[in-house]
Amino acid sequence: MSEDLQRKIQSELDSFKNTQKELQKAISSRQQLDGQLNENMIVKDELDILPKDAKVYKSVGPVLIKTELIEAKQNVSKRMEYINKELKRCDDLITSMEKKQDTHRESLQKLQHQFQQAQVKAALHA
Amino acid sequence: MAQISATEQPNMKQVDLTTLNIQQLSTLKQQLDQELSLFQESLTSLKMAQTKFQNSGEALEKITTNSEGKEILVPLTGSMYVPGKLYDTNNVLIDIGTRYYAEKDMDAAKDYFKRKIQFVTEQMEKIQFLGLEKSKIRDAIVEIIEMKLQQQS
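Just so it is clear, the structure is predicted and the values come from calculations on it, not from any experiment.

**Q** Would you explain the overall build of chain B in this entry?
**A** Check the secondary structure of chain B and you find two helices and four strands. Seen in sequence order, chain B has helices and strands lined up from the N terminus as α-β-β-β-β-α. What you see for chain B is a C-alpha radius of gyration of 25 Å, clearly larger than the 15 Å of a compact globule of 153 residues, by over 25%. The buried share among the 153 residues of chain B stands at 27%. Carbon together with sulfur atoms contributes 54% to the accessible area of chain B, which is approximately 10800 Å² in total. Of note, chain B has its 18 positive side-chain charges centred 2 Å away from the centre of its 21 negative side-chain charges.

**Q** Quick question: what am I supposed to make of the pairing of strand 1 (residues 56–60) of chain A here?
**A** A regular strand carries its side chains on alternate faces of the sheet. Summarising burial for strand 1 of chain A: four of the five residues are buried, a large majority. The sheet contact formed by strand 1 of chain A and strand 4 (residues 100–105) of chain B spans three bridges and is antiparallel. Within strand 4 of chain B, the residue paired with A:Tyr57 across the bridge is B:Tyr101. Hairpin connection, strand 1 of chain A to strand 2 (residues 63–67) of chain A: the antiparallel pair is bridged by two residues, and A:Gly61 has positive phi, about 60°.

**Q** Is there a simple way to think about the packing of helix 1 (residues 2–48) of chain A against helix 2 (residues 69–125) of chain A in this case?
**A** Axis angle and axis distance: for two packed helices, these are the angle between their axes and the distance between the axes, and together they describe the pair. Residues and elements named next belong to chain A. Packing of helix 1 against helix 2 brings their axes to within 7 Å, and their N-to-C directions diverge by 160°. Considered as vectors, helix 1 and helix 2 are oriented roughly antiparallel to each other. The two elements helix 1 and helix 2 cross, and the hand of that crossing is left-handed. Of the residues belonging to the contact of helix 1 with helix 2, the class tally is 25 nonpolar, 14 polar and 14 charged.

**Q** Is there a simple way to explain the interface of chain A and chain B in this structure?
**A** When the parts of a complex come together, some accessible area is lost, and that lost area is often taken as the interface size. Contacts between the two partners involve 25 residues from chain A, matched on the other side by 17 residues from chain B. Between chain A and chain B lies a buried interface of about 1900 Å² when both sides are counted; carbon and sulfur atoms form 57% of it. For the pair chain A and chain B, the interface holds three salt bridges. In this structure, A:Glu46 and B:Arg115 form a salt bridge, with 3.0 Å as the shortest nitrogen-oxygen distance. Across the contact surface, chain A and chain B share nine residue pairs in polar contact (both at pLDDT 80 or more). Among the elements of the structure, helix 1, strand 1, strand 2 and helix 2 of chain A are those that each provide at least two residues to the side of chain A that touches chain B. By residue class, the composition of the side of chain A that touches chain B is twelve nonpolar, seven polar and six charged.

**Q** What am I meant to see in a nonpolar patch on the surface here?
**A** All names here are of chain A. On the surface, a nonpolar cluster with roughly 240 Å² of combined accessible area is contributed by Val60, Val63 and Ile65. Relative to the assigned elements, Ile65 resides in strand 2. Residue Ile65 is classed as partly exposed on the basis of its relative accessible area, which comes to 42%.

**Q** I'm lost on the nonpolar core in this one. Help?
**A** Most often, soluble globular proteins have nonpolar side chains that are buried together. With 32 residues, the main nonpolar core has A:Leu47, A:Leu50, A:Val56, B:Ile94, B:Ile96 and B:Tyr100 as its most contacted residues. Listed by contribution, the elements that provide at least two residues to this core are helix 1 and helix 2 of chain A together with helix 1 (22–62), strand 3 (91–97), strand 4 and helix 2 (106–152) of chain B. No other element matches helix 2 of chain B, which puts eight residues into this core. Not counting the four nearest positions on each side in its chain, B:Ile96 is found in contact with A:Val43, A:Glu46, A:Leu47, B:Tyr101, B:Ala102 and B:Tyr112.

**Q** Before we go on, may I ask you to explain helix 1 of chain B in this structure?
**A** Two residues of an α-helix separated by three or four positions point the same way, owing to the 3.6 residues in each turn. All names here are of chain B. Across its 41 residues, helix 1 extends 60 Å between first and last C-alpha, which sits within 8% of the 60 Å expected from 1.5 Å per residue. Of the residues making up helix 1, those classed as buried are Leu25, Leu32, Glu35, Leu36, Phe39, Leu43, Leu46, Gln50, Phe53, Gly57 and Leu60. In the core, the buried residues of helix 1 are packed alongside strand 3 and helix 2. Between the side-chain oxygen of the N-cap and the backbone nitrogen of Gln23 there are 3.1 Å, and the N-cap of helix 1 in question is Asn21.

**Q** Would you mind showing me how to read the packing of aromatic side chains here?
**A** To describe a pair of aromatic rings, you give the distance between the ring centres and the angle between the ring planes. Throughout the structure, instances matching the rule amount to two aromatic pairs over all chains. When the ring of B:Phe53 is compared with that of B:Phe113, the centres are 6.2 Å apart and the planes differ by 50°; the resulting orientation is tilted. Here B:Phe53, found in helix 1, pairs with B:Phe113, found in helix 2; they are 60 residues apart in sequence, far enough to count as distant. Each of the two residues, B:Phe53 as well as B:Phe113, counts as buried. Judged by centre distance (5.2 Å) and plane angle (75°), the rings of B:Tyr112 and B:Phe113 are edge-to-face. Exposure class is identical for B:Tyr112 and B:Phe113. Each is buried. Ring pairs connect the aromatic residues B:Phe53, B:Tyr112 and B:Phe113, which therefore count as one cluster. When the ring centre of B:Tyr100 is taken as origin, the NZ or CZ atom of A:Lys58, which lies over that ring, is 4.7 Å away. Positioned above the aromatic ring of B:Phe119, the side-chain terminus of B:Lys116 is 5.9 Å from the ring centre.

Rules behind the numbers
Along each chain, the written sequence defines residue order, and numbers are assigned to residues from 1. Each chain gets a letter, beginning with A, and each ligand a number, beginning with 1, in the order they are written. Local features in this predicted model are restricted to residues of pLDDT 70 or higher, and side-chain atom pairs are both shown and tallied only at a pLDDT of 80 or more, whereas totals for entire chains, interfaces and linings draw on every residue. Excluded from the side-chain calculations are hydrogens and water; all other atoms, namely the structure's heavy atoms, are used. A run of DSSP states H or I qualifies as a helix once it reaches four residues; a run of E qualifies as a strand once it reaches two. Both are numbered from the N-terminal end. Atoms considered for the radius of gyration are the C-alpha atoms alone. The globule rule reads 2.2 Å times the number of residues to the power 0.38. Working definition: with a 1.4 Å probe on protein chains only, accessible area under 20% of the residue-type maximum means buried, over 50% means exposed, and in between means partly exposed. Note on areas: Shrake-Rupley, 1.4 Å probe, and residue coverage restricted to the protein chains presented here. Asp and Glu count as negative and Lys and Arg as positive, but His and the ends of the chain are not part of the count. By convention, the charge on Lys lies at NZ, on Arg at CZ, on Asp at CG and on Glu at CD. Note: two strands are recorded as paired if DSSP finds a minimum of 2 bridges between them. Inter-axis angles, ranging from 0 to 180 degrees, are taken between N-to-C directions of lines fitted to C-alpha atoms, where helices are fitted over the stretch in contact. Roughly parallel means an angle under 35 degrees; roughly antiparallel, over 145; roughly perpendicular, 65 to 115; everything else is oblique. Handedness of each helix crossing follows the sense of rotation of the near helix against the far helix: counterclockwise by less than a right angle gives left-handed, clockwise gives right-handed. Under the grouping applied here, Gly and all other residues not named as nonpolar or charged are polar, the nonpolar ones being Ala, Val, Leu, Ile, Met, Phe, Trp, Tyr, Cys and Pro and the charged ones Asp, Glu, Lys and Arg. Any two residues having at least one pair of non-hydrogen atoms within 4.5 Å are treated as being in contact. Note on definitions: buried area is the accessible-area loss of two parts on being combined, 1.4 Å probe, summed for both. A pair is scored as a salt bridge if a Lys or Arg side-chain nitrogen falls within 4 Å of a carboxyl oxygen belonging to Asp or Glu. The term polar contact refers here to a pair of N or O atoms within 3.5 Å; inside protein, the definition further demands a hydrogen-donor-capable atom paired with an acceptor-capable atom, and it admits residues adjacent in sequence only when both atoms are side-chain atoms. Within the patch definition used here, like charges are joined within 9 Å and nonpolar side chains (Val, Leu, Ile, Met, Phe, Trp, Tyr) within 5 Å, considering only residues with over 30% relative accessible area and no salt bridge. We call a set of buried Ala, Val, Leu, Ile, Met, Phe, Trp, Tyr and Cys residues a nonpolar core when their side-chain atoms join them within 4.5 Å. Given the number of residues in a helix, its expected span is that number minus one, multiplied by 1.5 Å. Between 30 and 60 degrees the pair is tilted, below 30 it is stacked and above 60 it is edge-to-face, where a pair is any two Phe, Tyr or Trp rings, Trp via its six-membered ring, whose centres lie within 6.5 Å. We count a charge as sitting over a ring when the NZ of a lysine or the CZ of an arginine lies within 6 Å of the ring centre and within 35 degrees of the ring normal.

Below you can see the structure in the form of structure tokens.
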């Protein structure tokens, strides 16, 4: 009986830890996306205040390539759109992970409680 | 993500810390500790960014219209330089982020760095304020945890 319980606790603990790890990963990728969005927003603001005939270059590897201002603006807003979508996906993932983690924690607590009771019982019978 | 703040804000629940159990309190403390160390990291990177912008702004001051045609050494790699001549000293290329570079004249460039330094400084002030607030909450939590532990023993 107690061995069975121990095995259950172990497997529950493992899945709890796994969820925790995945949650951490999701959170750090969210932070990264947030940073990227911020950077793109700053670039967009900067492009917006440039005069229409301003020369804009894009660095591709070791060279700078001349780009049209409009093209640069479009590119940045497209990227922001994409990042926003990714952010939303990431947020959903984080919420579901948090829920999963909570259910794992709850069942873990329940199992631990059972285990303790079993031990007390065993001690009484001995 | 969940937020912790000492001041009341919409969409936030007020929680009396003394009603939480020790496990909840320590999770809260852990979260705050993580946030505080993140703030510390952010402050360091912001400080670095600030210094970079300041250096770039200072470098601009050195270039005037009189510098046109003057000889300089251009770094090709970290350890190799080739002689060159300054040309078109009224315009500079500025890295505005995400691999975009914009050509700006001297005044616009100086203004750019001035704005950036101001922006970074503002962000640092914000973080310092938030950090102070969070460390106060953290101290309160530690105090309550100690109180509860004493009650238990």
